[in-house]
Amino acid sequence: MGLFSMIKDGFRFQKELRKSIKEAREAQKRYPGMTTEELSALSDDELFEAATVRTENKVGSFEEWEDGVNALNPSQKIFYSVSWLETEVNNGGLCQFFVNSSRMVAPFVSEYMGIIGAADHKKLFDDFISGNNIDLNDLSYFDMEDVEEFEEQNQRYPFAEYDNAFYNMEPLETFLKAFIRENIKDF
């Protein structure tokens, strides 16, 4: 491939990326005002995005994150909590989930994974928690000041084993999409 072709492909990619970002921003503006019927007409991917935007907007409307999470209805809380687990594990592992403020939902994610039908994920999580004597109601020992402490926690617990097993499973998003569709009136 010649230099001219590479440059041309690069410009084409940038143009497509800008178009995709613009379309996503327009959709995000549209999602909060949609009716249940309009949500029902969305594809599963769009519905997932709409549920994400709508729950994030609700949580973000509160000054304190915890107050926002507590304001969610039960279906939204299940979606939001399991989504955060998946996001954190995919972006930095289970240790990151425990270190960040997302750990607030840690006591509930096992139950919530059961509710959405993610039995294998639930078992993996439960086995990790019980096998490592982690108290989900007191994760204060995951309060960290720097990267070195994060690395120490990653060596203290077998997070890499959990993360690798998690990455080889059906994405939680698959279960969440079905859950949203089944409980669409709650979103």
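Residues numbered from 1 in each chain as written. Predicted model: local features only at pLDDT ≥ 70, side-chain atom pairs only at ≥ 80, totals over all residues. Heavy atoms only, no water.

S.K.: How do you make sense of unusual backbone geometry when you look at a structure like this?
M.R.: In terms of backbone geometry, most residues other than glycine have negative phi values and most peptide bonds are trans. The backbone of asparagine 133 sits at a positive phi, close to 50°, despite the residue not being glycine. Mapped onto the elements of the fold, asparagine 133 is located in the loop between helix H8 (119–131) and helix H9 (147–156). (Helix = DSSP H or I, 4+ residues; strand = E, 2+ residues; numbered from the N terminus.)

S.K.: Explain the packing of helix H5 (residues 74–92) against helix H10 (residues 159–167) to me, please; I cannot follow it from the model alone.
M.R.: Following both chains from N to C, one finds H5 and H10 inclined at 110°, their axes separated by 10 Å at the closest point. Relative to H10, the element H5 lies roughly perpendicular. Crossing hand, H5 versus H10: left-handed. Within the contact between the two elements, H5 uses Leu85, Glu86, Val89 and Asn90 and H10 uses Tyr162, Asp163, Phe166 and Tyr167. Of the residues belonging to the contact of H5 with H10, the class tally is five nonpolar, one polar and two charged. (Axes fitted to C-alpha atoms, helices over the stretch in contact; angles between N-to-C directions. Parallel < 35°, antiparallel > 145°, perpendicular 65-115°, else oblique. Left-handed = near helix turned anticlockwise from the far one by under 90°. Contact = heavy atoms within 4.5 Å. Nonpolar A, V, L, I, M, F, W, Y, C, P; charged D, E, K, R; others polar.)

S.K.: What am I meant to see in the packing of H5 against helix H7 (residues 106–115) here?
M.R.: Relative orientation and spacing of two packed helices are given, respectively, by the angle between their axes and the distance between those axes. Close contact between H5 and H7 brings their axes to 9 Å; oriented N to C, the two are set at 110°. Regarding the angle of H5 to H7, the classification is roughly perpendicular. Note on packing geometry: the crossing formed by H5 with H7 is left-handed. Of H7, the residues touching H5 (which contributes Lys77, Ile78, Ser81, Val82 and Leu85) are Val109, Tyr112, Met113 and Ile115. Within the contact of H5 with H7, the residues separate by chemical class into seven nonpolar, one polar and one charged.

S.K.: Looking at this structure, I do not really get the environment of glutamate 86. What am I missing?
M.R.: Note on placement: glutamate 86 falls in helix H5. Sequence separation between glutamate 86 and tyrosine 167 is 81 residues, and the spatial gap between their C-alpha atoms is 9.8 Å. Apart from the residues within four sequence positions on either side, glutamate 86 is in contact with Phe166, Pro171, Leu172 and Glu173.

S.K.: Would you mind going over the packing of aromatic side chains with me for this structure?
M.R.: Aromatic ring pairs are defined here through the distance separating the ring centres and the angle between the ring planes. Counted under the stated rule, the structure contains 17 aromatic pairs. When the ring of phenylalanine 97 is compared with that of phenylalanine 98, the centres are 5.7 Å apart and the planes differ by 50°; the resulting orientation is tilted. Accessibility expressed as a relative area gives 0% for phenylalanine 98, which makes it buried. Aromatic pair tyrosine 141 and phenylalanine 142: ring centres 4.9 Å apart, planes at 40°, arrangement tilted. Judged by its relative accessible area of 0%, phenylalanine 142 is buried. Feature note: the residues Phe97, Phe98, Phe128, Tyr141, Phe142, Tyr157, Phe159, Tyr162, Phe166 and Tyr167 constitute an aromatic cluster, connected by ring pairs. (Phe/Tyr/Trp six-rings, centres within 6.5 Å; stacked < 30°, edge-to-face > 60°. Buried < 20%, exposed > 50% of the residue type's maximum accessible area, 1.4 Å probe, protein only.)

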